[in-house]
Amino acid sequence: MIVFEDVGFRYGRGPDVLKNLDFEVPEGAFTFVTGASGAGKSSLLRLLYLDAVPSSGRISMFGRDVTTLSRDEIAWFRRRIGVVFQDFRLLDHLTAAENVALPLRVAGAKVSEYRENVVEMLRWVGLGDQMDVKPPQLSGGEKQRIAIARAVVASPDIILADEPTGSVDPVMAERIMQLFVEMNRLGKTVVLATHDLDLAEQTGHPVLELQGGSLMARVAA
Amino acid sequence: MRRGALISFQASGGLLMVLIVAAMAFLACFAMAGTLGASKLANAWTEGLSGAATVRIGAEDGVSQDQVDIVLDILRETDGVIEATPLTDEEVAALLEPWFGTTPRLEDLPAPTIIAVRIDPLNEPESAILQARLDGAGAGAIYDDHGEWRGRAASAARAVRNVALGALIICALAIAMVVVLTVRSSLAAQRATIATLRLAGAEDRFVAGVYQTRYLWLGLAGGVIGCAMAGAAMLAVDALASVGRALPALAATGQWWLGPVAVVVFVAVLCVLAARLTVLRALRSGA
């Protein structure tokens, strides 16, 4: 379960980009975070993947207050969180398969242990024939699917995605959404940030709507 | 996928690093050889003199056999003196030959009488006490255990050794500084990659491990190249010393190669440690 208690966040000494956030995401839930550009969706995700600490308030994940974790503990917690970034953050000098294997590699797994898993993941996202291709040779949609495969390959408990359908056509967007639904069916907690409120509402999942850094509404399923 | 492949390092940076480490390792080998050579030379000099002393009996008014006998009696009664033998005229002439040549006759020179004394190196007589006894006998004899000369040789060897050690330290510092600078530069260039690794769950020590592995190989490559060149140069010096007998103490011994091997190991360990500490410090300070 993810718990936000009166969480505020600002960059340096700038204005608050998130204000008094109070909400819970139950284990195994599929939750949307929506809002216009600049509403604070990406900042909220940064707090969730432990890339920043709140300026005020408290965030609990996996039963721990994550605002007081050491650097090593943060690394360990991140292995339980899969993230799909808006800009993919793939490593251009590695192949698609090597990019997907990254979370397993940094966790100390050997190639022989994860090879099959990586191949299976790439097939699952429809890129089984692109394993040895490097990101600069791939389209935006293909990069997005590699990023998704990388986010889920280590079977994390929480999957976060920032505008995962923002740079792909509608057909690909539907396919990508289906991947997240499948992961959620496997028991993973999914938090998906999008500016597309219609997309969020169509699925019938809970929606956290941000406006100017504040939580304006929580649309129940 | 090798761990080192996770970060894309520039080949040119690696080559530069290898060349600098090779140059430093080369100098370090010679500094080490200087240290060992100085110690060896000093030992050779002092060992040659230990166990030997001389007594010189003044010659201005001539030296009588009684004077010599008195001195010999004192020496032979002294604890630690194994043997005391006056040099023959021929032996004294041979000692004076480098200064006076062979032309003058010894009788025409006010040459002192020299008594060669063999002493027990483990039980050397106290020179001040022995000199006092010789003075008391009024034989005009001066005891010389070469202590001053040995002291100067040891002090010269110490000075050379300290300079060589200083050079070794400078080489080590230079290598460490090059590692620190190149690692910092790489961390800055690879900021996005390292951030991605961290977001994928990599601990600081994992990232440090990537750099350690790379700098281990760079250090080993540079160390081996530099030490191989130094080893070849040392063999050349050794050949020169053996043939010319100019610097016999610098001639290589059977284990001479241990020095370059030690330098290679030291350089590799230094590179690994400097890389690790630089990465950990940079990551923890938020680089």
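Going along each chain's sequence as written, the residues are numbered from 1 onward. Chains carry letters from A onward and ligands carry numbers from 1 onward, assigned in written order. This being a predicted model, a pLDDT of at least 70 is required before a residue's local features are given, and a value of 80 or more before pairs of side-chain atoms are given or counted; all residues contribute to the totals for chains, interfaces and linings. Only heavy atoms go into the side-chain values, all of them from the structure, while hydrogens and water stay out.

A. Highlighting the overall build of chain A. From N to C terminus, chain A includes seven helices and ten strands. By its C-alpha atoms, chain A is 45 × 40 × 30 Å across when sized along the principal axes. Three exposure classes are used, based on accessible area relative to the maximum for each residue type with a 1.4 Å probe and protein chains only: buried under 20%, partly exposed in between, and exposed over 50%. Residues classed as buried in chain A amount to 52% of the 221 residues present. Here a residue-residue contact requires only that any non-hydrogen atoms of the pair lie within 4.5 Å. Taking contacts inside chain A between residues at least 6 apart in sequence as the whole, the part at least 24 apart equals 68%. Per-residue accessibility takes into account occlusion by the displayed protein chains alone, with areas from the Shrake-Rupley method and a 1.4 Å probe. When the accessible surface of chain A is totalled, it reaches about 9,900 Å², and 47% of it is carbon and sulfur. As used throughout, the charge tally considers Lys and Arg to be positive and Asp and Glu to be negative, leaving His and the chain termini uncounted. Lysine's charge is taken at NZ, arginine's at CZ, aspartate's at CG and glutamate's at CD. In chain A, the 24 positive side-chain charges and the 29 negative ones have mean positions that sit 6 Å from each other. Secondary structure counts use DSSP, requiring at least four H or I residues in a row for a helix and at least two E residues in a row for a strand, with both numbered from the N terminus.

B. Quick peek at helix H5 (residues 140-152) of chain A. All names here are of chain A. Taking 1.5 Å per residue, 13 residues should reach 18 Å; H5 reaches 19 Å between its end C-alpha atoms and fits that length. The buried fraction of H5 is high, at eleven of 13 residues. Within H5 the residues assigned to the buried category are Gly141, Glu142, Gln144, Arg145, Ile146, Ala147, Ile148, Ala149, Arg150, Ala151 and Val152. One fewer than the residue count of a helix, multiplied by 1.5 Å, yields its expected span.

C. Spotlight on the confidence of the model for chain A. Scored between 0 and 100, pLDDT is the confidence that the predictor attaches to each residue. Averaged over all residues, the pLDDT of chain A equals 90, while 98% of them reach at least 70. At the low end of the mean pLDDT range in chain A sits strand S10 (residues 214-219) of chain A, at 75; at the high end sits strand S4 (residues 56-61) of chain A, at 95.

D. How the structure looks around the packing of aromatic side chains. Residues and elements named next belong to chain A. Here is the rule: rings of Phe, Tyr and Trp (six-membered ring for Trp) pair when centre to centre is within 6.5 Å. Planes less than 30 degrees apart are stacked, more than 60 are edge-to-face, and the remainder are tilted. One pass over the structure, following the stated rule, counts eight aromatic pairs over all chains. Consider the rings of Phe30 and Phe32, whose centres lie 5.3 Å apart with planes at 40 degrees: the pair is tilted. The buried category is assigned to Phe30, whose relative accessible area is 2%. Among the residues examined, Phe32 registers a relative accessible area of 0% and is labelled buried. With centroids separated by 5.2 Å and ring planes inclined at 80 degrees, the aromatic side chains of Tyr49 and Phe85 adopt a geometry described as edge-to-face. Placement of the pair is Tyr49 in the loop between helix H1 (41-48) and S4 and Phe85 in the loop between strand S6 (81-84) and helix H3 (96-106), with a sequence separation of 36 residues. Given a relative accessible area of 6%, Tyr49 falls into the buried group. Think of it as a cone above the ring: NZ of Lys or CZ of Arg counts as a charge over the ring if it is within 6 Å of the ring centre and within 35 degrees of the ring normal. Its guanidinium or amino end placed over the ring of Phe62, Arg80 lies 3.9 Å from that ring's centre, counting from NZ or CZ. Taking NZ or CZ as reference, Arg89 lies 4.3 Å from the ring centre of Phe85, over its face.

E. The pattern of salt bridges, seen in detail. All names here are of chain B. Salt bridges are counted wherever a side-chain nitrogen of Lys or Arg sits within 4 Å of a carboxyl oxygen of Asp or Glu. What the rule picks out here adds up to 16 salt bridges over all chains. When the shortest N-O distance is used, the salt bridge between Glu83 and Arg118 registers 3.2 Å. On the criterion of sequence distance, the pair formed by Glu83 in strand S2 (residues 81-86) and Arg118 in strand S3 (residues 113-119) is long-range, its members being 35 residues apart. The class for Arg118 is partly exposed, based on a relative accessible area of 45%.

F. Up close: the interface of chain B and chain A. Listed per partner, the contact involves 21 residues of chain B and 21 residues of chain A. A quick way to say it: buried area is the sum, across both parts, of accessible area lost when two parts are put together, with a 1.4 Å probe. When chain B packs against chain A, the two sides together hide about 2,000 Å² of surface, and 58% of this comes from carbon and sulfur. Linking chain B with chain A are two salt bridges, by the criterion used here. Between Arg71 of chain A and Asp204 of chain B there is a salt bridge, with its nearest N and O atoms 2.6 Å apart. Any pair of nitrogen or oxygen atoms within 3.5 Å is treated as a polar contact; in protein, a donor-acceptor pairing is required on top of that, and neighbouring residues in sequence qualify only through side-chain atoms on both sides. Connecting chain B to chain A are seven residue pairs in polar contact (both at pLDDT 80 or more). Looking at the side of chain B that touches chain A element by element, the count peaks at five residues for helix H6 (residues 191-199) of chain B.

G. Representation of the side chain of Thr78 of chain B in the model. All names here are of chain B. Structurally, Thr78 can be placed in the loop between helix H2 (65-77) and S2. Within the structure, the side chain of Thr78 is placed 2.7 Å from the backbone oxygen of Ile74, a separation counted as a polar contact. Contact partners of Thr78, with chain neighbours within four places excluded, come to Pro125, Leu130 and Arg133.

H. Examining the environment of Gly219 of chain B more closely. By the secondary structure assignment, Gly219 of chain B is in helix H7 (residues 204-244). Discounting chain neighbours no more than four positions away, the residues touching Gly219 of chain B are Val21, Val267 and Cys271 of chain B.

I. Representation of unusual backbone geometry within the structure. Residues and elements named next belong to chain A. At Asp6, a position not held by glycine, the phi torsion is positive, near 50 degrees. Overall, Asp6 belongs to the partly exposed group, its relative accessible area being 40%. With a phi close to 60 degrees, Leu50 is a non-glycine residue in the positive phi region. We classify Leu50 as buried; its relative accessible area is 8%.

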